[in-house]
Amino acid sequence: MTSTDNLVKDGDRVMLKKGDNLRVFQVHKGREIFLEKMKFKLDGIIGETYGSLFEVKDGEMVKIVRQIENETSTDDKGIDTEKDNRHLLDQDSNQKLKQEEIEQMKKDGISGAHLIDQLIENSATFQSKTEFSQAKWVKKKKKKHLNQFTVLRPSTRLLCEMHWSKGPSRICNLRIDSLSQMLTMGNIRAGSTVMVVESCLGLVTGAVLERLGGFGKVISFYHGDSPMKCNLDNYDFSKEIMDTLYNYPLELVNSLKHKTELRVNDDVSMETADLTDESKCIKVEQDKDKSDNIVPSVENVIKDSNVVIDTKADVEMESESKNESESKTETRTESDLAEGEGQLKVADRSVEKTDNREGDCEQKTGGKRRGKKWNKRDNKVKKTKERAEAKILRAKEIVDARRIIQEKNVDCLIVATKFHPTPIVLALVDYVNPSRQIVVYSQFKEALEDCYVYLREHKGLVNYRLTETWLREYQVLPNRTHPVIQMSGTGGYVLTATTVVKSPN
Amino acid sequence: MSFAKYKSNIENGDTVMLYLGFDNMHTLVIKDGDTFQTRYGALRHSHLIGKQYGSRVYCKKGYLYVLHPTPELWTVNLPHRTQILYSTDISFITMQLDLRPGSIVVESGTGSGSLSHSIIRTIAPTGHLHTFEFHDQRAKVAAEEFDIHGISEYVTVTHRDVCQDGFQLDHIADAVFLDLPKPWEVIDSAKGALKHQGGRICSFSPCIEQVQRTCNTLTSNGFVELKTFECLLRNHDVRTVNLPLPDLGPSDLVLHDGSVTINSSTDNGKQNDITEETDTGTESEKTDKDFIDANCLKTESEEQIVDTSDKSKRKIDSNDLRDSNSDTKRPRFDKLKLQNTRHDFDLIGCKDDKSFFFKTSAPTLQMPGHTGFLTFATLYHSN
């Protein structure tokens, strides 16, 4: 790694860390961001080293030197003190500085450290507090008044911490220790082919991509219209890593058992600007007869989704029916299933819509940027052409992903969704090589119990484990060491098992 | 050779895992001509060569599965030379140290190599592990193991007491892991081993006094964002439980004069035992009862699938309601709620007149309550 690799560049995604508070932003010269009730530009961090500490001054980020805390010098003082809180009264008059005065000082550009000194000076009770109490007080004030941010490169660890503190429900309450278990128990490593089904804002897919480091393949299954690529943007992966990712729609999972191969329609040339909705990006290789029997599962799903999706409208799959009578029975069961899926999807879409509304500021800025870029290109022909190209690319990706899955050479299956995992796992487990790991996460133990019972019946797996991890943090300070007061009650459950060669009996 | 990457068939010299049942596994190195004794009878190594990993292999008195080695299976089967780290702590360490392909990691001590195998798995093929062990023979055995497992190119084993002589590494590492009785003695040296741009450190200590001292030293050496955790694993056994229903007597037993006669002919006692069927184990242990049980559950969960689609419908409804007049919201919502209450099946199991059956997964009665405290910290580049 060269030294420039560790410098913040314009366009990078960076994480700003203040205490336990983490946020992702994209660096853009001249653009203001909004964080901690402040508006400021990130220009000051460009060209600086990752891991540097900055303070917000007059709407700009200014690099400051990190101080080594000499907390250790207080070793035995605090505990032997004569002071206690018997004379302390809880009243507003303890602080002589008025709220308005503090605000004015801030407006005048006082540094956070200086402000805290002022607060101490004007506190009637500070001197009568014990040393430990003073330290705690200062720490609290620092958290409130010091606007210092460490600039960090995004990683699974930091993104998981960020989502966990912002809104764990959006990542299915997947706590960092559960995610670590999943990656370890799944034996995720460079060179593997991994299938990921998740609805944790791309966190699991990103974590797997990070662990593969550009070696291997990740097939990420998405629900609904299009893959949630913008979530992976936070990781700021290199092209080498992103090239190992293949997106595949969940709606085409049941159809995987049909051997028919999807093929990108070459007739749709890149030059065709007016690409109509009816044009097919994907065609099916038809070997023998040209009977237009469409695989019901796919067709129904497409019909059910009344929102027009770029690829989906174009991806049409046809296949020959092997046997009239056989296909009839199959048709019934599959269409039933498809209906169920369709309903689920509508619900899901509404959830996503609300999600988008309360989208994070970093996503908003990202969206704005894309919007701006988009507007610049007023050449409509170019626009449709690009869209057509994107469609074909997406279609190609689906075809590639399908081929990889159907090779049945997958090394791991990881499921962590808001859906009931059993049908997903049952539909995909047979594409995993023997003697490999499957990992299913759920925030509900009952879902995994059900999954376990079905897998037992499905056969072809051994060494099942249904586990839960317990995570307790400790405050470690001289003479003040104890578990942290608040702790997380659950971080979800993980079911793991090892695939084996299916025996006939 | 089998640890470096997945392969499909067993070859001579491979390390394989034999799975005989839940918590009953062995590891062995395939050596043509050798025989291995299992609980199900003798197993000739030559019989395994060429077989696909994951195959079922028959012995005289039963069958077993031959599995591909993974660091996790190795951890539960390796020959102990020291106390070892288990997968729960290992996975948390791997995540907290930001390990990935290409990471340069320093570890001390090597011990039995449990963590080492896991680190190498994650950082290969472009990363490297520098592991230090003060016990000469342990260092040698670990190096031999890495060689047999085909991963020696990713690791350098050094026999040295790092507390006395330090790591002697010049700013090359992304992460340092310490499992030492006195970790504070090497923190200065660990700082020198971490890259100029900074990195992560982890110290594993069983006792809080060690943690206390380590944290002091980390802070005074400029490490920041110190976090100390305990991470424990709870195993859940999926099983069917049968809780007997108590006999509360008939409701018409109160006589006219207010006295109560007790009918002594009730046949409880026999039924009043909780029975449990553990569902964990290999397929060979599976009984017909289990099978019926699973079928029973199938119908239940089919209902559940219907139920979820109902729910999603309802969700849309309530979303619609939110948009429309708020006055109409309450009564219609209550109506929906009423529909939600189903009486045609028990929510979590089924009852007959004698007992209540349900599927559950209960934590094991005994579990390891403490392994050690994991302290993590970051060192940012010095400027």
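Not measured: the values here are computed from a predicted model.

Q: What am I meant to see in the overall build of chain B here?
A: Within chain B one finds 10 helices and 16 strands. The 383 residues of chain B split such that 50% are buried. The contacts in chain B between residues at least 6 apart in sequence include a share of 66% that link residues at least 24 apart. Approximately 19,300 Å² of chain B is accessible, and the part contributed by carbon and sulfur atoms is 52%.

Q: What am I meant to see in the packing of aromatic side chains here?
A: One pass over the structure, following the stated rule, counts 14 aromatic pairs over all chains. Plain terms: the ring middles of F92 of chain B and F376 of chain B are 5.7 Å apart, the flat faces sit at 80 degrees to each other, and that makes the pair edge-to-face. Placement of the pair is F92 of chain B in helix 3 (residues 87-96) and F376 of chain B in strand 16 (residues 373-380), with a sequence separation of 284 residues. Note on F356 of chain B and F358 of chain B: the rings are 4.9 Å apart at their centroids and 40 degrees apart in plane angle, and the pair reads as tilted. Look at F356 of chain B and you get buried, because its relative accessible area is 16%. Members of the aromatic cluster, connected to one another through ring pairs, are Y58, Y63 and Y65 of chain B. Over the aromatic face of Y431 of chain A sits the side chain of K408 of chain A, whose NZ or CZ is 5.4 Å from the ring centroid. Over the ring of Y6 of chain B we find R436 of chain A, and its NZ or CZ is 3.7 Å from the ring centre.

Q: Please explain the state of the cysteines as it appears in this structure.
A: Here, disulfide denotes a covalent bond that connects the sulfur atoms of two cysteines. This structure, assessed with the given rule, holds 0 disulfides over all chains. Here C160 of chain A stays free of any disulfide, with the sulfur of C200 of chain A as its closest cysteine sulfur at 9.0 Å. Look at C160 of chain A and you get buried, because its relative accessible area is 0%. No disulfide involves C202 of chain B; its nearest neighbouring cysteine sulfur is the one of C215 of chain B, lying 11 Å away. For C202 of chain B, a relative accessible area of 0% puts it in the buried group.

Q: When you look at a positive patch on the surface in this model, what are you seeing that I'm missing?
A: Residue and element names in this part refer to chain A. A contiguous patch of positive charge, built from K37, K106, K136, K140 and K144, is present on the exposed surface. In terms of residue count, the dominant contributor to the positive patch is helix 3 (residues 131-145) (3 residues). Tracing the backbone shows K136 in helix 3. Relative accessible area serves as the criterion here: at 65%, K136 is assigned to the exposed category.

Q: Looking at this structure, I do not really get the sheet that holds strand 1 (residues 13-18) of chain A. What am I missing?
A: Backbone hydrogen bonds hold the strands of a sheet together, and the pairing may be parallel or antiparallel. All names here are of chain A. The 5 strands lie next to each other as 2-1-7-5-6, forming an open sheet whose pairing is antiparallel. With one partner strand each, in any of the chains shown, strand 2 (21-26) and strand 6 (60-64) form the two edges of the open sheet. Strand after strand, the sheet turns through a mean of 35 degrees between neighbouring axes, direction not considered. Relative to strand 6, strand 5 (residues 53-57) runs antiparallel, the two sharing 5 bridges. Its bridge partner lying in strand 6, K57 is registered against E60. In this fold helix 4 (residues 156-166) packs onto strand 1, strand 2 and strand 7 (148-152), with an angle of close to 115 degrees to the strand it touches most, strand 2.

Rules behind the numbers
Residues numbered from 1 in each chain as written. Chains lettered and ligands numbered in written order. Predicted model: local features only at pLDDT ≥ 70, side-chain atom pairs only at ≥ 80, totals over all residues. Heavy atoms only, no water. Helix = DSSP H or I, 4+ residues; strand = E, 2+ residues; numbered from the N terminus. Buried < 20%, exposed > 50% of the residue type's maximum accessible area, 1.4 Å probe, protein only. Contact = heavy atoms within 4.5 Å. Areas by Shrake-Rupley, 256 points an atom, 1.4 Å probe, with all protein chains shown as cover. Phe/Tyr/Trp six-rings, centres within 6.5 Å; stacked < 30°, edge-to-face > 60°. Lys NZ or Arg CZ within 6 Å of the ring centre and 35° of its normal. Disulfide = S-S within 2.5 Å. Patch = residues over 30% accessible without salt bridge, like charges linked within 9 Å, V, L, I, M, F, W, Y side chains within 5 Å. Salt bridge = Lys/Arg side-chain N within 4 Å of Asp/Glu carboxyl O. Lys, Arg positive; Asp, Glu negative; His and termini not counted. Charge placed at Lys NZ, Arg CZ, Asp CG, Glu CD. Pairing = 2+ DSSP bridges. Axes fitted to C-alpha atoms, helices over the stretch in contact; angles between N-to-C directions.

Everything listed here is a matter of geometry and, on its own, says nothing about what the molecule does.
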